Amino acid sequence: MHSLEDPPIRVLIVDDEPSLGEICQIFLEEMGGFSCETVTSGAEALERVATSPYDAIVSDYQMPGMNGIELLKEIRGGGMDLPFIIFTGKGREAVVIEALNSGADFYLQKGGDPEALFIELASKIRQAVQRKRTEEALVRTRFSIEHSPEEYYWIDCDGFLLDVNEQSCSSLGYTREELPRLRVMDVDALYGEDEWRALWQRLKEERHLRIESAHRKKDGTVYPVEVSLAHHRMGDKEFMCAFAHDISGKKKAQEAARLSDVMNQAIFQTSGEATAVFNEDTIIVMANKEFERLSGYPACELVGKRSWTEFVVEEDLERLLEYHRLRRVPGGSAPRCYEFRVVDRYGTVRSYSAVVDMIPGTALRIASYLDITERKKAEEAIRKSEENLRFFMNALPEPALLLSANGIVLAANDAMIETFVCGHGATAGLPLGDLFPEAFTVLKLPLERAIRENRFVDEECSVKGRCINVKICPVTDADGDVQSLAVYGMDVTDQKNTRDALKKANKKLNLLSGITRHDMLNQITVALGSLSLALRRNPDEEVRARIEHAHTAVMNIQRSLEFAKDYQDMGMKAPAWQRLDAVVMEAAASVPLEGVLLDVQTATVEVFADPMLERVFANLLDNAVRHGEGVTAIRISCHEQDDGSGAIVVEDNGIGVPEALKEWIFESGYGRHTGHGLFLVREILDITGISIVETGEEGKGARFVIAAPPGGYRPASECPGVAPPIAPQT
């Protein structure tokens, strides 16, 4: 049974009888879970699969040009392993065998109850697709396991290693052939038979476990591992799935952290300033308890025995000795305060701030030392934090700000500075309104609301004609008071345009069902009635007349279906920026313009429109040729209007449109062909807010003005030049 949440199975139906292909499509899609397309030849099928993704192919066997098995061989020969089902009226055993030998997944013979037949076909398609997806999933799973950085083991209840990956072999030093002959007890240093049995029983009860253990390599080396275990039952057999990774680095880091904590505890167990007195030979003559702690020596091992130079790191010693020398020189310029690093008897290095003075009337110096190690760490942490914040903010492609609660800019990224003109040379430290006045105008109310309500604010604002999604996150202190605000803006103009366009497209799809259903029912009734009467009465002339009547009705159905297909395509793909000159040239290539000069003067601009924009211009060109009565020239030009919108003008030198019909021509059903051409044009353009009106003068030619809204019209990203006029075709 197909779940509503599953994506539909995309099926390509190949049958040289269009009616059979359509019936197959209808049955499958009404069952649910299928999205079908039909083609009438093997060549067309090859073109489709080369450009569109399908989950399965259902093909007739006997077709002109290329039969179903030949198509299958072409598909398989091209390296495609799409599920392939032969669905035909031919039931010869030789054909069945050839189809299956050529790689067909199933062979299904037409005939019998249609509903049962198509139910069976749907079942075969689902089986083939599910089998294909399962095979792909197994390949992905195996690839993931083989390329996992973790060791992988599949273990039975007796502890045998049934399956491993390359990382297991690499970590343990065994070959792929050696490991499957071993048991858990052979490679795990902590698990013997009893421990293994206890672990197996525990895993059966808890289903999933995460443990730490120690693996033993082939050479006897042991290393710590963290292992994730899962219990799995397959029929009457039970298995263990295990993933393990080496945590040697983690263990070393933990041990280092533990030792560091112990050392720091010893260093920081007291506070205060260390003080000592030195003679001019640098020998310590007095030292307090804090200095004892600084040096690591008791006073009895310091005084008169050691020099202060023993406790200065080598990189700082030369500088401090120069200070000491200058103090002995009258008028010397040695600094009174400075910073340096101390190394104690244990090799511990710390940063200190020193204040050194001469003792008046003596040659002695007295020095006090304040431990600033933590301050240095904090300064470095702040520096790194600020650097990380700067790197992080500048990595954001959109404007970002950090504000204080009173509106002072604490930080702004490069995108913010580039997007908004700064009111001052500085980029931080001033109010938002001073640095970025335009941004302040947009953000003032959202910022006030974020502070007042102390909550995350997410809303869209208009900035310089663009739609910006602004996110404001208050940062609070321990009491819940807002201290700062993180502000980020993302340009979502294109997404908003897309969202609005999709809403309109959905509305139009609802209209489609009414128009197409009405046309189809009427024409199908005519076709069936005419064919039925023709078959009953048999006279040659009447049969011929009825068949002609049926043909006309079917042609009408075909035109309605073509229109329905075009309408259905609208809005199915996201609107995009499109080169106008390229679109016009593609449209012109699909319309017969014999004897008509096409002058394209669209410069190098892009329009944000539905991907069916080419159909718009194809319809307008076709409309001019069909209904302009003697059109010899068509010109397409564009220009930007004062409000930033773009005007695209399509005009010809035909008979024009009567004033009374200028709006009617855009209505569904109006016209002498399908009656949907200009209606479709307006609907396609309206998806992205583009309008179209006819402003020509009757007798002087038609003139259609297409208006793209501001933000939907811009210079092209590439500028190869203006497209040349197209000469009249002969």
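Residues numbered from 1 in each chain as written. Predicted model: local features only at pLDDT ≥ 70, side-chain atom pairs only at ≥ 80, totals over all residues. Heavy atoms only, no water.

(A) Here's a closer look at helix α2 (residues 42-51). Listing the buried residues of α2 in full gives Gly42, Ala45 and Val49. All buried residues of α2 fall inside an arc of 50° around its axis, so they share one side. Exposed side chains of α2 directed beyond 90 degrees from the buried face belong to Glu47, Ala50 and Thr51. Summarising the contacts, the buried residues of α2 are in contact with β1 (9-14), β2 (34-39), β3 (56-59) and α3 (68-77). (Buried < 20%, exposed > 50% of the residue type's maximum accessible area, 1.4 Å probe, protein only. Helix = DSSP H or I, 4+ residues; strand = E, 2+ residues; numbered from the N terminus. Arc of directions from axis to C-beta. Contact = heavy atoms within 4.5 Å.)

(B) Up close: the sheet that holds strand β7 (residues 161-164). Ordered by their spatial adjacency, 5 strands build an open sheet running β7-β6-β10-β9-β8, and the pairing between neighbours is antiparallel. Strands at the two margins of the open sheet, each flanked by one partner only, are β7 and β8 (208-216). On average, each strand axis in the sheet is inclined to that of its neighbour by 30°, with strand direction left out of account. Taken together, the 3 bridges between strand β6 (residues 151-156) and β7 define a ladder with antiparallel strand orientation. When the sheet's bridge partners are listed, tyrosine 153 is paired in β7 with valine 164. Where helix α5 (residues 114-146) meets the sheet, it contacts β6, β7 and β10 (237-246), and its direction lies at approximately 90° from that of β7. Of the strands in this sheet, β6, β8, β9 (222-234) and β10 are in contact with helix α8 (residues 193-206), which crosses β8 at around 155°. (Pairing = 2+ DSSP bridges. Axes fitted to C-alpha atoms, helices over the stretch in contact; angles between N-to-C directions.)

(C) Examining the sheet that holds strand β17 (residues 409-412) more closely. Reading across the sheet, the 5 strands line up as β17-β16-β20-β19-β18 and stay open at both edges, with antiparallel pairing between neighbours. Strands with a single pairing partner mark the edges of an open sheet, and in this sheet they are β17 and β18 (457-463). Taking the axes of each pair of neighbouring strands and ignoring which way they run, one obtains an average angle of 20° across the sheet. As paired elements, strand β16 (residues 400-404) and strand β20 (residues 482-491) share 5 bridges and run antiparallel to each other. Bridging across to β20, leucine 401 finds its partner in valine 487. Sheet strands touched by helix α16 (residues 437-453): β16, β18, β19 (466-476) and β20. Its angle to β18, the strand with the most contacts, is close to 165°.

(D) Molecular detail of the packing of aromatic side chains. Evaluated as defined, the whole model comprises 14 aromatic pairs. Through pairs of rings, three or more aromatic residues link up here, namely Phe291, Tyr297, Phe311, Tyr323, Tyr338, Phe340 and Tyr369. We note arginine 682 situated over the ring of phenylalanine 666; from NZ or CZ to the ring centre the distance is 4.2 Å. (Phe/Tyr/Trp six-rings, centres within 6.5 Å; stacked < 30°, edge-to-face > 60°. Lys NZ or Arg CZ within 6 Å of the ring centre and 35° of its normal.)

(E) Expanded view of the environment of leucine 229. Note on placement: leucine 229 falls in strand β9. The class for leucine 229 is buried, based on a relative accessible area of 5%. Excluding anything up to four places from it in sequence, leucine 229 contacts Leu199, Leu203, Arg207, His208, Leu209, Ile211, Met240, Cys241 and Ala242.

(F) The arrangement of the pairing of β1 in detail. For β1, the tally of buried residues reaches 5 of 6 residues, placing the bulk of the element in the interior. By the bridge criterion, 6 bridges tie β1 to β2 in an arrangement that is parallel. Pairing of leucine 12 across the sheet is with glutamate 37, part of β2. One crossover worth recording links β1 to the parallel β2 by way of helix α1 (residues 18-31), and it is right-handed. (Right-handed = clockwise from strand over helix to strand, strands pointing away.)

(G) Looking closely at the packing of α1 against α5. Running from amino to carboxyl end, α1 crosses α5 at an angle of 70°, the nearest separation of the two axes being 10 Å. As judged from the angle between their axes, α1 and α5 are roughly perpendicular. Judged by the sense of rotation from one axis to the other, the crossing of α1 with α5 is right-handed. Contact residues: α1 offers Ile23, Cys24, Phe27, Leu28 and Met31, while α5 offers Pro114, Glu115, Phe118, Ile119, Leu121, Ala122 and Ile125. Considering only residue class, the contact of α1 with α5 consists of 11 nonpolar, no polar and 1 charged. (Parallel < 35°, antiparallel > 145°, perpendicular 65-115°, else oblique. Left-handed = near helix turned anticlockwise from the far one by under 90°. Nonpolar A, V, L, I, M, F, W, Y, C, P; charged D, E, K, R; others polar.)

(H) Structural context of the environment of methionine 234. Note on placement: methionine 234 falls in strand β9. In this structure methionine 234 touches Trp154 and Phe239, once residues within four positions along its chain are discounted.

(I) Broad picture of α1. End to end, α1 covers 20 Å across 14 residues, agreeing with the expected 20 Å (1.5 Å per residue, within 8%). Within α1, burial applies to Gly21, Cys24 and Leu28. For α1, the buried positions fall inside an angular range of 65° around the axis, keeping them on one side. Backbone geometry just after α1 places glycine 32 at a positive phi near 90°. (Expected span 1.5 Å × (residues − 1).)

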